[in-house]
Amino acid sequence: MQFLNIALSKGRLAEQAIELIEASGYNCQVVRDPSRKLILEDHEAGLRFIMAKPADIPTYVDYGAADIGIVGKDTLLEEKRLLYEVLNLGFGYCRLCVCGPESLAGKLDQIPNKRVATKYPRVAREYFESKKQQSVEIIRLNGSVELAPLVGLAEVIVDIVESGRTLRENGLVVLETIADVSARMVVNRVSMKMKAERIQPFIEAVGRQLEARKDQASE
Amino acid sequence: MTQWQFHTPDGVSDLLPEECAEKRRIEQTIRSVFEKRGYFEIETPGLEFFDVYAVGSGAVPQEALFKCIDHQGRILCLRYDGTVPTARVAATLFRDAALPQRFYYVGNMYRYNEFGGGRQRSFSQAGVELIGSSSPEADAEVIATAITTARKTGIEDLQVSIGQVAFFKGILSEWGISGEAARQLPHLIDSKQMVAIEEMADRLQLPKAARAVILKLASSQGSDDDLDTFEQLVRSPVAQQAITNLREVLMILEDYDCRRYVTVDLGMLQSLNYYTGVIFKGFTYNLGFPLFSGGRYDQLLQSFGRDLPATGFSMGISLAMTALQRQGIRSKPQAVPCWICYEKPERSAALKLAEQMREAGSNVICNGLTGDIHSFLARRPDAKVILMQPGGTWQWLQGGDPACNS
């Protein structure tokens, strides 16, 4: 049997994903291995888990190194790879937003040549350049993006907002929402055709589990 | 400062003997398949005017082109694909030729990928263009040629998805979807984003049948029954005609004995500005990208002054090499040459012998000895070595057949 290669990232998103896959009837015991192995295989179930950085998961799936990936929509928007995005997994909800000091509320469009600090340079550029037809200077940062407006590095930031607590504690507010984000299941385009007999039942099983949860929640 | 003379630029690489031999073998196989079907090879220049790639349905985003400027200040770019230059040639230099025309190319393409991530910026492609015929026979011929090409290079595990973009264009106008929605919807369907598709269907307040069609387009796993279902669900004559056309192409592929490789996927909706009819992509194991892709592009030649229908495909040669390697299919490497070693007085005889052996089909290197023959043998213990002897006789020292000594 050919392995079904699934790319996951360590962390909360992966835990929820594993729990979901397990509930869908696939044994994921191997992933609970506390070791630092990056490839975990379950020969019986025919599953191979590839532990990758979240931002790299679309790349692994695009190249076919993984057949399936579990990844946030924010990463998908930033990487813009040609993948099948088959399921919204319904967890990891947050928003991609333009944030800045409250004084800018409603005045964002009046600042010419804004400096935008972000971990999502492509998302930020597309939002301002394509959607709003505004020129911006993108400043790429790797974390603690909220610092940028506070120290005068940028006027605004583009980042994911979950509860908004970090923003509030740093005196920032959401100015505009770019997109709603949640965890997605993505599939390599070739695998979808060449491994259909394995991937299709997998997607369907997880899809059924998601439906069941939705029904439970609405009861 | 980095010393760049030791490096190759991002996205390009050297092909060393083993790979190079494999590549030549594949190219040779491909040429033979194409020529046996009556396609003529053309070689367009590696440099084109930017305008060639900036107009009409073949327009390429400018950031994807490698550009430079000539002495008159005109923008030039490296060849981005094989189809557009071939269309230029067919529409201009062959404008009075009898139709249809059949051309093929094998060559390097150059694409500047912003999000490189290991993707090659220079890669070799081979492809055919069948220009001047809008018949389903032409579509089927090109698809069958693509399948045969892949199989002849050694790739047997092949799946081809076939679609028809006119179907989607027809239903868009039937349901009056235009503007931003018409731009987004094909992308959502093509990447199977079911949730987003449903949201958009709600927003557009699509009728029930329309909803069913777009959801089925995105979710379908490619079965022939799809065509019947779609036929019943849509009214647009353009869409109906697209299905009839696709059925015909499938029927002809049956006669080509290629039908078993092909599955229908009307949800393939890329490059809608470029393609106008039947499109297809070929997949194989252990390769993350389609091995070949192609389709009908009836609007491209207008940009070059002739309104001609056309169809074609291109196949990535390095993709084929990767697939073959990963599937464990190896070709014979280039034959190891044999050495003829000689001392100065025997040079003339050695060079003559070398020519004779080359005529007979061997690869031969002549080596005037500067030191001891034994130290030469020690340096190349695996080489096939002949030593030329005084009086025109010679002797296998290593790796040859001693019985052949003269």
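Cut-offs and rules
- Numbering of residues starts from 1 in each chain and follows the order in which that chain's sequence is written.
- Lettering for chains starts from A, numbering for ligands starts from 1, and both go in the order in which the items are written.
- The predicted origin of the model limits local features to residues at a pLDDT of at least 70 and limits the giving and counting of side-chain atom pairs to 80 or more, whereas totals for whole chains, interfaces and linings rest on all residues.
- Excluded from the side-chain calculations are hydrogens and water; all other atoms, namely the structure's heavy atoms, are used.
- Cavities and pockets were defined on a 1 Å grid built over protein atoms only: a cavity is a set of grid points that admits a 1.4 Å probe from which the probe cannot escape, a pocket is an open set flanked by protein on both sides within 12 Å along at least five of seven lines, and lining residues are those with an atom within 4 Å of any such point.
- Grid points are joined across faces, edges and corners, and a volume is the space filled by probe spheres set on the points.
- We count a stretch as a helix when DSSP gives it H or I for four or more residues in a row; a strand needs E for two or more, and each element gets its number in order from the N terminus.
- Each domain's extent was defined by an automatic or database domain assignment.
- Here a residue-residue contact requires only that any non-hydrogen atoms of the pair lie within 4.5 Å.
- Buried area is calculated as the accessible area (1.4 Å probe) missing from two parts once they are joined, with the contributions of both summed.
- Within this document, salt bridges are pairs made up of a side-chain nitrogen of Lys or Arg and a carboxyl oxygen of Asp or Glu, the two lying within 4 Å of each other.
- Each polar contact in these results corresponds to two N or O atoms within 3.5 Å; when the atoms are within protein, one needs to be able to donate a hydrogen and the other to accept it, and residues that are neighboring in sequence are counted only if both atoms are side-chain atoms.
- For this classification, the nonpolar set comprises Ala, Val, Leu, Ile, Met, Phe, Trp, Tyr, Cys and Pro, the charged set comprises Asp, Glu, Lys and Arg, and every other residue, Gly included, is treated as polar.
- Residues forming no salt bridge and having over 30% relative accessible area are the ones grouped into patches, like charges within 9 Å of each other and nonpolar side chains (Val, Leu, Ile, Met, Phe, Trp, Tyr) within 5 Å.
- Note on areas: Shrake-Rupley with a 1.4 Å probe; residue coverage comes only from the protein chains shown.
- At least two bridges found by DSSP between two strands are what make those strands a pair.
- Fitted lines through C-alpha atoms give the axes, limited to the stretch in contact for helices. The angle between two N-to-C directions lies from 0 to 180 degrees.
- When accessible area is computed with a 1.4 Å probe and restricted to protein chains, residues below 20% of their type maximum are described as buried, those above 50% as exposed, and intermediate ones as partly exposed.
- When two rings of Phe, Tyr or Trp (its six-membered ring) have centres within 6.5 Å they constitute a pair, described as stacked for plane angles under 30 degrees, edge-to-face for angles over 60, and tilted for the intermediate range.
- For a helix, the expected span equals 1.5 Å multiplied by the number of residues minus one.

Q: Residue-level account of empty space enclosed by the protein, with values.
A: Using the criterion set out here, one finds one cavity of 30 Å³ or more in the structure. The computed volume of the largest cavity comes to approximately 50 Å³. Along the walls of the largest cavity sit E85(A), V86(A), L87(A), N88(A), R184(A), Q193(B), M194(B), V195(B) and A196(B), which together make up its complete lining. Those elements that place two or more of their residues in the lining of the largest cavity are strand 5 (84-88) of chain A together with helix 6 (194-204) of chain B.

Q: Give a detailed account of the domain arrangement of chain A, specifying residues and quantitative values.
A: Residue and element names in this part refer to chain A. Split by domain assignment, chain A resolves into domain 1 (4-92 + 182-218) and domain 2 (94-179). Between domain 1 and domain 2, the C-alpha centre-to-centre distance is 30 Å. Contact with domain 1, which involves seven residues of that partner, is made by ten residues of domain 2. Counting the surface lost from both domain 1 and domain 2, the interface buries some 710 Å², and carbon and sulfur atoms represent 50% of this. Taken together, the connections running from domain 1 to domain 2 amount to one salt bridge. We note a salt bridge from K80 to E126, for which the minimum N-O separation is 3.0 Å. Between domain 1 and domain 2 we count five residue pairs in polar contact (both at pLDDT 80 or more) in total. Residues of the side of domain 1 that touches domain 2, tallied by class, amount to one nonpolar, one polar and five charged.

Q: Account for the layout of surface pockets, with residues named and values stated.
A: There is about 700 Å³ of room inside the second largest pocket. Residue assignment for the lining of the second largest pocket shows that the elements contributing at least two residues are helix 1 (12-23), strand 5 and helix 8 (196-218) of chain A together with helix 6 and helix 7 (208-219) of chain B. The element that contributes the greatest number of residues to the lining of the second largest pocket is helix 8 of chain A, accounting for nine residues. A breakdown of the residues in the lining of the second largest pocket according to their chemical character gives twelve nonpolar, seven polar and eight charged.

Q: For a nonpolar patch on the surface, give the residues involved together with the corresponding values.
A: Residues L147(A), L150(A), V151(A) and L153(A) make up a contiguous nonpolar surface patch of about 360 Å² in total accessible area. Its place among the elements puts L153(A) in the loop between helix 5 (147-150) and strand 9 (156-161).

Q: Report on the sheet that holds strand 2 (residues 39-42) of chain A, specifying residues and quantitative values.
A: Residue and element names in this part refer to chain A. Strand order in this open sheet of six strands is 2-3-1-4-11-5, and the pairing throughout is mixed. Bordering the open sheet on either side are strand 2 and strand 5, each of which pairs with just one other strand. Direction aside, neighbouring strands of the sheet carry axes that sit 25° apart on average. For strand 2 and strand 3 (residues 47-51), the ladder comprises four bridges, and the chain directions are antiparallel. The residue of strand 3 that forms the bridge with L40 is F49. Where helix 8 meets the sheet, its contacts fall on strand 1 (4-8), strand 3, strand 4 (68-72), strand 5 and strand 11 (183-187), and the angle it forms with strand 5 comes to roughly 30°.

Q: An account of the pairing of strand 6 (residues 122-131) of chain B is requested, with residue identities and associated values reported.
A: All names here are of chain B. Taking burial as the measure, the ten residues of strand 6 include ten buried ones, the bulk of the element. Bridging between strand 5 (residues 101-110) and strand 6 involves ten bridges; their strand directions are antiparallel. Pairing of Y105 across the sheet is with G127, part of strand 6. Pairing analysis gives seven bridges linking strand 6 to strand 11 (residues 310-316), with the strands arranged antiparallel.

Q: Could you give an account of the pairing of strand 4 (residues 75-78) of chain B, naming the residues involved and the relevant values?
A: Residues and elements named next belong to chain B. Direction of pairing for strand 2 (residues 47-49) relative to strand 4: antiparallel, over a ladder of three bridges. Across the sheet, residue F49 finds its bridge partner in strand 4, namely L76. When strand 3 (residues 67-69) meets strand 4, the two strands line up antiparallel, connected through three bridges. When the bridges of strand 4 are listed, C68 appears paired with L76. The hairpin turn running from strand 3 into strand 4, its antiparallel successor, is five residues long, and G73 in that turn takes a positive phi close to 85°.

Q: Residue-level account of the pattern of salt bridges, with values.
A: In total, this model carries 34 salt bridges over all chains according to the counting rule given. The closest approach of N and O atoms between R125(A) and E129(A), which form a salt bridge, is 2.7 Å. With R125(A) and E129(A) both in helix 4 (residues 121-131), this residue pair falls four residues apart, about one helical turn. Note that K193(A) is salt-bridged to D265(B), the shortest N-O span being 2.6 Å. Of this pair, K193(A) sits in helix 7 (residues 189-194) while D265(B) sits in the loop between strand 8 (262-264) and strand 9 (278-284), on two different chains. For the pair shown, K193(A) and D265(B) are each scored as buried. One network of salt bridges, with partners in common, ties together D62(A), E79(A) and R81(A).

Q: Would you mind going over the environment of T145(B) in detail, with residue names and values included?
A: Residue and element names in this part refer to chain B. Following the sequence through the fold, T145 ends up in helix 3 (residues 136-153). When the C-alpha positions of T145 and K36 are compared, they lie 10 Å apart, and in sequence the two are 109 residues distant. If we ignore the near neighbours within four places in the chain, the residues touching T145 are V33, F34, R37 and F313. One polar contact links the side chain of T145 to the main-chain carbonyl oxygen of E141, over a distance of 2.6 Å.

Q: Would you mind going over the packing of aromatic side chains in detail, with residue names and values included?
A: Under the defined criterion, the tally for this structure stands at 14 aromatic pairs over all chains. Where Y63(A) meets F289(B), the ring centres are 5.1 Å apart and the plane angle is 75°; that geometry is what we call edge-to-face. With one member in each of two chains, Y63(A) in the loop between helix 2 (57-62) and strand 4 and F289(B) in the loop between strand 9 and strand 10 (292-296) form a pair that bridges those chains. Judged by relative accessible area, Y63(A) falls into the partly exposed class, the value being 23%. Under the relative-accessibility criterion, F289(B) is labelled buried at 19%. Ring geometry for F94(B) against F103(B): centres 5.0 Å apart, planes inclined by 65°, an arrangement best described as edge-to-face. Taking the relative accessible area as the measure of exposure, F94(B) reaches 33% and is therefore partly exposed.

Q: Residue-level account of the environment of G371(B), with values.
A: Residues and elements named next belong to chain B. Here G371 is to be found in the loop between strand 13 (364-368) and helix 12 (373-379). Overall, G371 belongs to the partly exposed group, its relative accessible area being 40%. Separated by 95 residues in the primary sequence, G371 and T276 have C-alpha atoms spaced 69 Å apart.

Q: Mind laying out helix 8 of chain A, listing which residues take part and the relevant values?
A: Taking 1.5 Å as the rise per residue, helix 8 of chain A with 23 residues should run 33 Å; its terminal C-alpha atoms sit 32 Å apart, in good agreement. Among the residues of helix 8 of chain A, R198(A), I199(A), Q200(A), F202(A), I203(A), A205(A), V206(A), G207(A), Q209(A) and L210(A) are the ones counted as buried.

Q: Residues and numbers for the side chain of Q398(B), please.
A: All names here are of chain B. Inspection of the secondary structure puts Q398 in strand 15 (residues 394-398). Classification of Q398 as buried rests on a relative accessible area of 17%. Side-chain polar atoms of Q398 contact the backbone oxygen of R380, separated by 3.1 Å. Side-chain polar atoms of Q398 contact the backbone oxygen of A383, separated by 2.9 Å.

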